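Examining the three-dimensional arrangement
This is what each chain is made of:
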There are 2 protein chains.
Amino acid sequence: MERTDVNTLGEFGLIDHLTRDFPLQQASSIKGVGDDAAVIDNGNLCTVVSTDMLVEGIHFDLAYTPLKHLGFKSVVVNLSDIYAMNAFPKQIVVSIALSNRFSVEALDELYEGIRAACKAYEVDLVGGDTTSSPKGLTISITAIGQGEKELLVYRNGARPGDLICISGELGGAYLGLQLLEREKRLWLENPNMQPDLENQQYAVGRQLKPEARKDVIEAFRKIGLKPTSMIDISDGLASEIFHICKQSQVGALLEESGVPINHEAQLLALKFKLDPITCALNGGEDYELLFTIRPEDVDKVKFLPDIYIAGEILEAKDGIKLNTKGGNLHDLKAQGWVHF
Amino acid sequence: MERTDVNTLGEFGLIDHLTRDFPLQQASSIKGVGDDAAVIDNGNLCTVVSTDMLVEGIHFDLAYTPLKHLGFKSVVVNLSDIYAMNAFPKQIVVSIALSNRFSVEALDELYEGIRAACKAYEVDLVGGDTTSSPKGLTISITAIGQGEKELLVYRNGARPGDLICISGELGGAYLGLQLLEREKRLWLENPNMQPDLENQQYAVGRQLKPEARKDVIEAFRKIGLKPTSMIDISDGLASEIFHICKQSQVGALLEESGVPINHEAQLLALKFKLDPITCALNGGEDYELLFTIRPEDVDKVKFLPDIYIAGEILEAKDGIKLNTKGGNLHDLKAQGWVHF
């Protein structure tokens, strides 16, 4: 029998491959695979569903991730997908597989973080599964949200002339990870050392305790703004722009000077000999929102805190370009995360 | 720091412990943790949500489980929870974590089984996550169903005098597992041997390719029967009766002579020197429905195929008893599955 390594397809290629032959049979299935969340029709209000799986040794390292933070983050990354549909999460179900090296007290810490996220975002834990695993910890969370049908925002609504907006500064989570990984390497070489996180609360916090932008979605409702397309930035800005462009069948021009990068993150990038814009484009895990608006809505955005306009949607034939600070026009490349 | 082994609480004790301090904040959360599925209010129709995680080496052994069957079963066990609410599953989301020992072709087989289940039960695959794992295969599925609010059936509605009903024969799945485990042991001792499944298609089929009782729920609708309580039999009849009794605050009298056990399964049990009733009570994985009905509904049940009346609900003070074929009255014990 033929044997194709899963690496050859990449994460998105693999998902496309596996889910290509699943025709929707239910009238209530408005949106299936391929957006931040699935959409199920319930009349005026739609149910919006998103799921994520976090695996020890792949998505998190317990050497530097407190279990409470892990619980919080596991919930937040799912809620972020619901907000990215312009909807509000209401419930979650949480499944955990764990080896017997975890105690009840360790699980309590994990659930303390889950509880803190439920409280902060007003979502209810309504179900789940708890089972053992031969090795390691796996967390699978499904978030269930609600949104008015006509207010839901998909990845496929961007049109040429729309402005590209970002809800906050990027690159911090990635640089926090670099810092934590460096300290772990040093600690493995010399277990007596003390970690030196250089007072980098910002970057480390972005990595270990990200927030989902509920406030931005609430602000959209308040000012009556409906983006034309939206996605949350989990895999890096470049990858997310590619998703929007592919599904909207458009091109894009991203201005390097418009991509928001935190000052501390910039300094940290230079210390690691990394280009800050590369961290923002390919780093991921910032959980900010990337969205597009019609040009006539630009005045509304002024009333929002923290929104950066970083480019413009083009015709598909114009490609997906980055205009650097030096004035050079490059093809944007999407790396995203490669887990396999 | 104190260290309590998760074993000390047991599966259900652990879930109770971890989820005890999660007050419901959303008005739409009708039912949280503690039934076959969570229930979310959407007006007349409710959304019903259930999730299950299957871990290699704990819930399945790829030495004797074809990936196609595994995909099918992973979906069915979730759908079974939705039917057990007297609701109909409509959508699923599927998350998979897998090590690089799995090829694209292997995943295709798994998804062929998932596809077959989606087709058979008319549910749509609408989302998921695919990621790598340092070791083994983990499958997490969330099923989303729909039911009229006034027709949903919970575990807590059984009343003294109600009749205990079972939708089909029990014990087969457990005996199929014994057979497969025996053949695996023999094969490990002598890899040249051919498996001898003794033409036990029935028991092996019950283990590897269970079905959820969609037909029973459809029949309930047709004849206008609403059970007073219901649960699916995943952990063994005894464990499920305990769940019904605990949540309904009642006792029960189960008649051994009324517990349906397939003839082939009985013979197989004797071959394995097991008591057939023990296999039915504690074996699990048959995915039949256990439900209770008001005594005046007993005539309606006659129009249903395959329904067995196996006892009666008592007052809580009368305890949970088994009346053996020999006429002895024993306290029923619930073992369920112990994974930890």
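The rules behind these values
- Residues numbered from 1 in each chain as written.
- Chains lettered and ligands numbered in written order.
- Predicted model: local features only at pLDDT ≥ 70, side-chain atom pairs only at ≥ 80, totals over all residues.
- Buried ≥ 20, exposed ≤ 12 C-beta atoms within 10 Å, placed from the backbone.
- Helix = DSSP H or I, 4+ residues; strand = E, 2+ residues; numbered from the N terminus.
- Pairing = 2+ DSSP bridges.
- Least-squares fit on C-alpha atoms with pLDDT ≥ 70 in both.
- Contact = placed C-beta atoms within 7 Å.
- Nonpolar A, V, L, I, M, F, W, Y, C, P; charged D, E, K, R; others polar.
- Axes fitted to C-alpha atoms, helices over the stretch in contact; angles between N-to-C directions.
- Parallel < 35°, antiparallel > 145°, perpendicular 65-115°, else oblique.

1. Looking at the pairing of strand 7 (residues 163–166) of chain B
All names here are of chain B. What you see with strand 7 is no split at all: Leu163 and Cys165 on one side and Ile164 and Ile166 on the other are buried throughout. Sheet analysis places strand 7 next to strand 10 (residues 289–293), joined by 4 bridges and oriented antiparallel. Within strand 10, the residue paired with Leu163 across the bridge is Ile293. The pairing of strand 7 with strand 11 (residues 308–315) spans 4 bridges and is classified as antiparallel. Following the sheet pairing, Ile164 is matched in strand 11 by Gly311.

2. Re the relation of the copies chain A and chain B
Copies of the same chain, two in number, are related to each other by a rotation about an axis and a translation along it. Least-squares fitting of chain A to chain B yields an RMSD of 0.0 Å, with the superposition described by an axial translation of 0.0 Å and a rotation of 180°. The two molecules are tied by a two-fold rotation axis, judged by turn and shift. With an isologous cut-off of 70% or more, the 100% of interface residues of chain A that recur at the interface of chain B puts this contact in the isologous class.

3. Focus: unusual backbone geometry
One can expect most non-glycine residues to show negative phi and most peptide bonds to be in trans. Residues and elements named next belong to chain B. For Glu122, which is not glycine, the phi torsion reads 55° and is therefore positive. Assessed through the 12 C-beta atoms surrounding it within 10 Å, Glu122 is described here as exposed. Even without being a glycine, Lys273 presents a positive backbone phi close to 55°. Mapped onto the fold, Lys273 is located in the loop between helix 8 (263–271) and helix 9 (276–282).

4. So, the interface of chain A and chain B
Facing the 71 residues of chain A at the interface are 71 residues of chain B. Elements with a contribution of two residues or more to the side of chain A that touches chain B: helix 1 (10–19), strand 2 (38–42), strand 3 (45–55), strand 4 (88–98), helix 3 (104–121), strand 5 (124–132) and strand 6 (137–148) of chain A. Its residues placed into classes, the side of chain A that touches chain B shows 29 nonpolar, 29 polar and 13 charged.

5. Brief notes about the packing of helix 4 (residues 172–189) of chain A against helix 5 (residues 201–208) of chain A
All names here are of chain A. Packing of helix 4 against helix 5 brings their axes to within 7 Å, and their N-to-C directions diverge by 100°. Taken together, helix 4 and helix 5 sit at an angle that is classed as roughly perpendicular. Facing Gly172, Ala173, Leu175, Gly176, Leu177, Leu179 and Leu180 of helix 4, the residues of helix 5 in contact are Tyr202, Ala203, Val204, Arg206, Gln207 and Leu208. Class assignment for the residues of the contact of helix 4 with helix 5 results in 9 nonpolar, 3 polar and 1 charged.

6. A few points about the sheet that holds strand 12 (residues 320–323) of chain A
Residues and elements named next belong to chain A. Overall, mixed pairing links the 7 strands, which are arranged 8-10-7-11-9-12-13 in an open sheet. Whereas interior strands pair on both sides, the edge strands pair on one side only; in this sheet they are strand 8 (229–232) and strand 13 (329–331). In this sheet, neighbouring strand axes are inclined to one another by 25° on average, regardless of whether the strands run parallel or antiparallel. Where helix 7 (residues 237–248) meets the sheet, it contacts strand 8, strand 9 (250–255), strand 10 (289–293) and strand 12, and its direction lies at approximately 150° from that of strand 9.

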